[in-house]
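# Architecture at a glance
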Amino acid sequence: MKEVFRRIYGTDPEVVWAAPGRVNLIGEHTDYNDGFALPIAIPRHTLVAARHRQDGRLRLHSAQVDGPVIDLDLARLTPGAVTTWAAYPAGVVWALLEDGQRIGGADLHIDSTVPTGAGLSSSAALECAVAFAYNDLYGLGLSAPALALLAQRAENGFAGVPCGAMDQLASACCNEAAALHLDIRAGAHEQVPFDPQAHGLSLLVVDTRVKHDLGDGAYAALRSGCEEAARRLGLAALRDLTPADLPRVAEDLPAPLVPLARHVVTENGRVAEAVSRLRAGHVAKLGPILTEGHASLRDDFRISCAESDLVVDTALAHGALGARMTGGGFGGSVIVLAEEGWLEAIRIAVTAAFRVAGYQDPHLFPVSPAAGARRIA
Ligand code: ADP
Ligand code: MG
């Protein structure tokens, strides 16, 4: 990183920060409903080498993007002004300025091992790496959760993606060998010990390498559907529903909104159940919760797709303890929980099933819960 930085900018970076991608164990599409989630950070990182500048310019370069250094004026950062990948890092700087932080410009060089658009949150990894680097460069003293929320503000307000806060909180706040139990409304999180390897288990990520176009508008539509359901029920958010409310909900809501509410209620329940099983040391019993979560996303939220369903079904047929699509939906990645001894059989079966179906080969890699953003140089 340092050498490339020197080549691009002609000086040494002052700091290098790394922020990880994430997979969510359970609690999907619950963050923007004020609910609960249980992500882990994965050992794939976005790195940012950074040096501050006195002249109010923000210069950006990414090893993943061809083209010259992007040179922006801090004074002219307004939503809509940047429409390329640079909206994510520039958005973080904009969010810091909006927050009233006293910051100046910077030279940033970015490199990453988080696949983009695979549902592993390369966007949050990028935002968090930049937020933490800036916090360090300018001695802002902001906490990890505060930086995560500024990163989310960048994605919502500057990059124009209406995501919840889970991805950024995971990238910022996760611990090694733990899952992060998020209570979005309370603004609270706690570490839940989760070390599959210590239990002879493995968590496999299967990147289906498909991203169906449908996903772009669908996320916003689902979010507004959930908000409309809450409004019609006179609630601040669907978080306020309990399973006992579901029969009433089925009568009070228009038919298309009922399954959305049902998913959010049952999914929040699954997060609570997953946390209690992990706390009791019953790690393998996470499996059925993952599979139930997948069924809910497939049947109630209707955001799975043939490729993700094929991974889940094939993995379960070949000994997996549980499997589910993770992330926003319509492609991206699936997570599979399995005993280590079954991993190879699952890998072979999923790859073969994709070939038979005529899909491109998926990328499969085991992950273990990793630490959140940290300074590495
Ligand atoms: P995901 O977060 O699931 O990977 P998103 O669509 O939310 O998918 O974010 C992917 C986008 O984030 C990319 O299209 C690109 O604009 C930006 N991005 C992520 N990582 C990098 C990187 N290393 N360099 C440049 N842009 C990146
Ligand atoms: Mg993203």
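Preceding this paragraph is the structure being described.
This report concerns the structure included in the present document. Owing to the predicted nature of the structure, the values given are computational and were not obtained by experimental measurement.

In this section: the overall build of the protein. Along its length, the protein carries eleven helices and 13 strands. Against the 2.2 N^0.38 benchmark of 21 Å for 377 residues, the protein shows a C-alpha radius of gyration of 21 Å, consistent with a compact globule. Taking the principal axes of the C-alpha coordinates as reference, the protein spans close to 60 × 50 × 40 Å. Taking all 377 residues of the protein together, 56% fall into the buried category. For the protein, the proportion of contacts with a sequence separation of at least 24, taken over those separated by at least 6, is 72%. Here the protein displays about 14800 Å² of accessible surface, and carbon together with sulfur accounts for 51% of that area. Each charge class in the protein was averaged separately, 32 positive and 43 negative side chains, and the resulting centres sit 3 Å apart.

Moving on, we come to the sheet that holds strand 2 (residues 36-37). An order of 2-7-8 is seen for the three strands of this open sheet, with the pairing classed as antiparallel. Both outer strands of the open sheet, strand 2 and strand 8 (188-193), are each paired with one neighbouring strand and no more. Note that strand 2 and strand 7 (residues 178-183) share two bridges and pair antiparallel. Note that in strand 7 the partner of Ala37 across the bridge is Leu182. Running over the sheet, helix 8 (residues 258-279) touches strand 2, strand 7 and strand 8 and is turned about 45° from strand 8.

Right, let's talk about the site of ligand 1 for a bit. For ligand 1, the set of nearby residues contains 17 residues, the closest of which are Ser62, Gln64, Gly117, Ser122 and Ser123. Note that a nitrogen atom of ligand 1 is positioned 2.7 Å from one of the side-chain N or O atoms of Ser62. Separating a nitrogen atom of ligand 1 from a side-chain N or O atom of Gln64 is a distance of 3.0 Å. Counting residues per element, the shell around ligand 1 draws most heavily on helix 3 (residues 122-137), which supplies three residues. When its residues are assigned to classes, the shell around ligand 1 shows eight nonpolar, nine polar and no charged.

Let's shift gears to the sheet that holds strand 13 (residues 374-375). Strand pairing in a sheet takes place through backbone hydrogen bonds and is either antiparallel or parallel in direction. If you walk across this open sheet you meet the six strands as 5-4-6-3-1-13, and the pairing is mixed. Only two strands of the sheet have a single partner each, and these edge strands are strand 5 (70-73) and strand 13. Bridge count for strand 4 (residues 57-62) against strand 6 (residues 105-112) is five bridges, and the pairing is parallel. By the bridge assignment for strand 6, Leu60 is matched with Leu108. Where helix 2 (residues 87-98) meets the sheet, it contacts strand 4, strand 5 and strand 6, and its direction lies at approximately 150° from that of strand 4. Against the sheet, helix 5 (residues 166-173) touches strand 1 (15-24) and strand 3 (39-53), its axis set at about 125° to strand 1.

Where helix 3 contacts helix 4 (residues 144-158), the axes come no closer than 9 Å and their chain directions differ by 125°. By the angle between their directions, the pair helix 3 and helix 4 is classed as oblique. The element helix 3 and its partner helix 4 pack so that their crossing is right-handed. Contacts from Ser123, Ala124, Glu127, Cys128, Ala131, Phe132 and Asn135 of helix 3 reach helix 4 at Ala144, Leu147, Ala151 and Glu155. Of the residues belonging to the contact of helix 3 with helix 4, the class tally is seven nonpolar, two polar and two charged.

Attention now goes to the pairing of strand 8. Here is the key point about a regular strand: its side chains alternate between the two faces of the sheet. As paired elements, strand 7 and strand 8 share six bridges and run antiparallel to each other. The partner of Leu182 across the bridge, within strand 8, is His189. Hairpin remark: strand 7 followed by strand 8, antiparallel, with four residues in the connecting loop; positive phi at Gly187, about 65°.

Moving on, we come to the environment of Gln54. With respect to the helices and strands, the residue Gln54 is situated in the loop between strand 3 and strand 4. Separated by 303 residues in the primary sequence, Gln54 and Ala357 place their C-alpha atoms 56 Å from one another.

Moving on: the side chain of His61. Structurally, the position occupied by His61 is in strand 4. Residue His61 is classed as buried on the basis of its relative accessible area of 16%. At 3.1 Å, the side chain of His61 and the side chain of His109 are in polar contact. Setting aside chain neighbours within four positions, we find His61 in contact with Ile8, Tyr9, Gly67, Val69, Trp85, Leu108, His109 and Ile110.

Burial within strand 10 (residues 322-326) is extensive, with five of its five residues counted as buried. Alternating positions in strand 10 separate into two faces, Gly322, Arg324 and Thr326 on one and Ala323 and Met325 on the other, with burial throughout. Summarising the sheet, strand 10 and strand 11 (residues 331-339) pair through five bridges and their orientation is antiparallel. Within strand 11, the residue paired with Ala323 across the bridge is Val336. The hairpin turn running from strand 10 into strand 11, its antiparallel successor, is four residues long, and Gly327 in that turn takes a positive phi close to 95°.

An ideal rise of 1.5 Å per residue puts 21 Å on 15 residues; helix 4 measures up with 20 Å between its terminal C-alpha atoms. The set of residues buried in helix 4 consists of Leu147, Ala148, Leu150, Ala151, Gln152, Ala154, Glu155 and Phe158. Looking at the buried positions of helix 4, the neighbouring elements they touch are helix 2, helix 3 and helix 5. Where helix 4 terminates, the next one or two residues include Gly160, which has phi positive at roughly 80°.

Calculation notes
- Residues numbered from 1 in each chain as written.
- Chains lettered and ligands numbered in written order.
- Predicted model: local features only at pLDDT ≥ 70, side-chain atom pairs only at ≥ 80, totals over all residues.
- Heavy atoms only, no water.
- Helix = DSSP H or I, 4+ residues; strand = E, 2+ residues; numbered from the N terminus.
- Rg over C-alpha atoms; globule rule 2.2 N^0.38 Å.
- Buried < 20%, exposed > 50% of the residue type's maximum accessible area, 1.4 Å probe, protein only.
- Contact = heavy atoms within 4.5 Å.
- Areas by Shrake-Rupley, 256 points an atom, 1.4 Å probe, with all protein chains shown as cover.
- Lys, Arg positive; Asp, Glu negative; His and termini not counted.
- Charge placed at Lys NZ, Arg CZ, Asp CG, Glu CD.
- Pairing = 2+ DSSP bridges.
- Axes fitted to C-alpha atoms, helices over the stretch in contact; angles between N-to-C directions.
- Near = heavy atom within 4 Å.
- Polar contact = N/O pair within 3.5 Å; in protein donor to acceptor, adjacent residues only side chain to side chain.
- Nonpolar A, V, L, I, M, F, W, Y, C, P; charged D, E, K, R; others polar.
- Parallel < 35°, antiparallel > 145°, perpendicular 65-115°, else oblique.
- Left-handed = near helix turned anticlockwise from the far one by under 90°.
- Expected span 1.5 Å × (residues − 1).

So far we have only geometry, and geometry alone does not tell us how the molecule works.
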